[in-house]
Amino acid sequence: LQQLALLKGFDLDKLDPAGPDFVHLVVEAAKLAFADREAFYGDPAFVDVPIETLLSEAYNSERRKLITDRASLELRPGTIAGAGGKVEA
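These numbers come from a predicted model, not from an experiment.

*Asks:* Teacher, can you tell me more about the overall build of the protein here?
*Replies:* Of the regular secondary structure elements, the protein holds four helices and zero strands. For the protein, the spread of C-alpha atoms along the principal axes amounts to about 40 × 25 × 20 Å. Burial analysis of the protein (89 residues in total) assigns 33% to the buried set. Long-range contacts, defined here as pairs at least 24 residues apart, represent 62% of the contacts in the protein between residues at least 6 apart. Accessible area for the protein stands at about 6100 Å²; split by element, carbon and sulfur atoms hold 57% of it. In the protein, 10 side chains carry a positive charge and 15 a negative one; their mean positions are 4 Å apart.

Below, the structure is given as structure tokens:
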């Protein structure tokens, strides 16, 4: 769901779904969502998952700015006050 929230900010209808620009956006959004998974997601019986923030337009709008024309090689989890932990790459 978070990956879809990130992709919501791009005009995917104008891109060829088999083209490099489309694939690049999908992969970069996946990498950001997976980085957040490492920092924030867990068993809700043991961890307070800030799901409302992780799926919010405000949070994903900021995360979306990290997607540029160049692929990132970094693990880049977001920051949510009072949530998450250090992620070792």
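*Asks:* How should helix α2 (residues 20–40) be read in this particular structure?
*Replies:* Turn by turn, an α-helix covers 3.6 residues, leaving residues three or four places apart pointing in a common direction. Helix length check: α2, at 21 residues, gives a terminal C-alpha distance of 30 Å against a target of 30 Å (1.5 Å per residue), a fit within 8%. Within α2, the full set of buried residues consists of Phe22, His24, Leu25, Glu28, Ala29, Ala30, Leu32, Ala33, Ala35, Asp36, Ala39 and Phe40. On its buried side, α2 packs onto α1 (2–7), α3 (51–54) and α4 (57–64).

*Asks:* How should empty space enclosed by the protein be read in this particular structure?
*Replies:* Unoccupied space between atoms shows up once a probe the size of one water molecule is rolled over them. Scanning the entire structure with this criterion turns up one cavity of 30 Å³ or more. Around the largest cavity, the lining residues are Glu28, Lys31, Leu32, Ser72, Glu74 and Arg76.

*Asks:* Looking at this model, I keep getting lost on a nonpolar patch on the surface. Mind explaining?
*Replies:* On the surface, a cluster of nonpolar side chains totalling about 480 Å² of accessible area is made up of Leu1, Leu4, Tyr41, Ile51 and Leu55. Within the fold, Leu4 resides in helix α1. Leu4 sits in the exposed class, given a relative accessible area of 59%.

Reading the values: rules and limits
Residues numbered from 1 in each chain as written. Predicted model: local features only at pLDDT ≥ 70, side-chain atom pairs only at ≥ 80, totals over all residues. Heavy atoms only, no water. Helix = DSSP H or I, 4+ residues; strand = E, 2+ residues; numbered from the N terminus. Buried < 20%, exposed > 50% of the residue type's maximum accessible area, 1.4 Å probe, protein only. Contact = heavy atoms within 4.5 Å. Areas by Shrake-Rupley, 256 points an atom, 1.4 Å probe, with all protein chains shown as cover. Lys, Arg positive; Asp, Glu negative; His and termini not counted. Charge placed at Lys NZ, Arg CZ, Asp CG, Glu CD. Expected span 1.5 Å × (residues − 1). 1 Å grid on protein atoms, 1.4 Å probe; cavity = no way out; pocket = protein on both sides within 12 Å on 5 of 7 lines; lining within 4 Å. Points joined across faces, edges and corners; volume = space filled by probe spheres on them. Patch = residues over 30% accessible without salt bridge, like charges linked within 9 Å, V, L, I, M, F, W, Y side chains within 5 Å. Salt bridge = Lys/Arg side-chain N within 4 Å of Asp/Glu carboxyl O.

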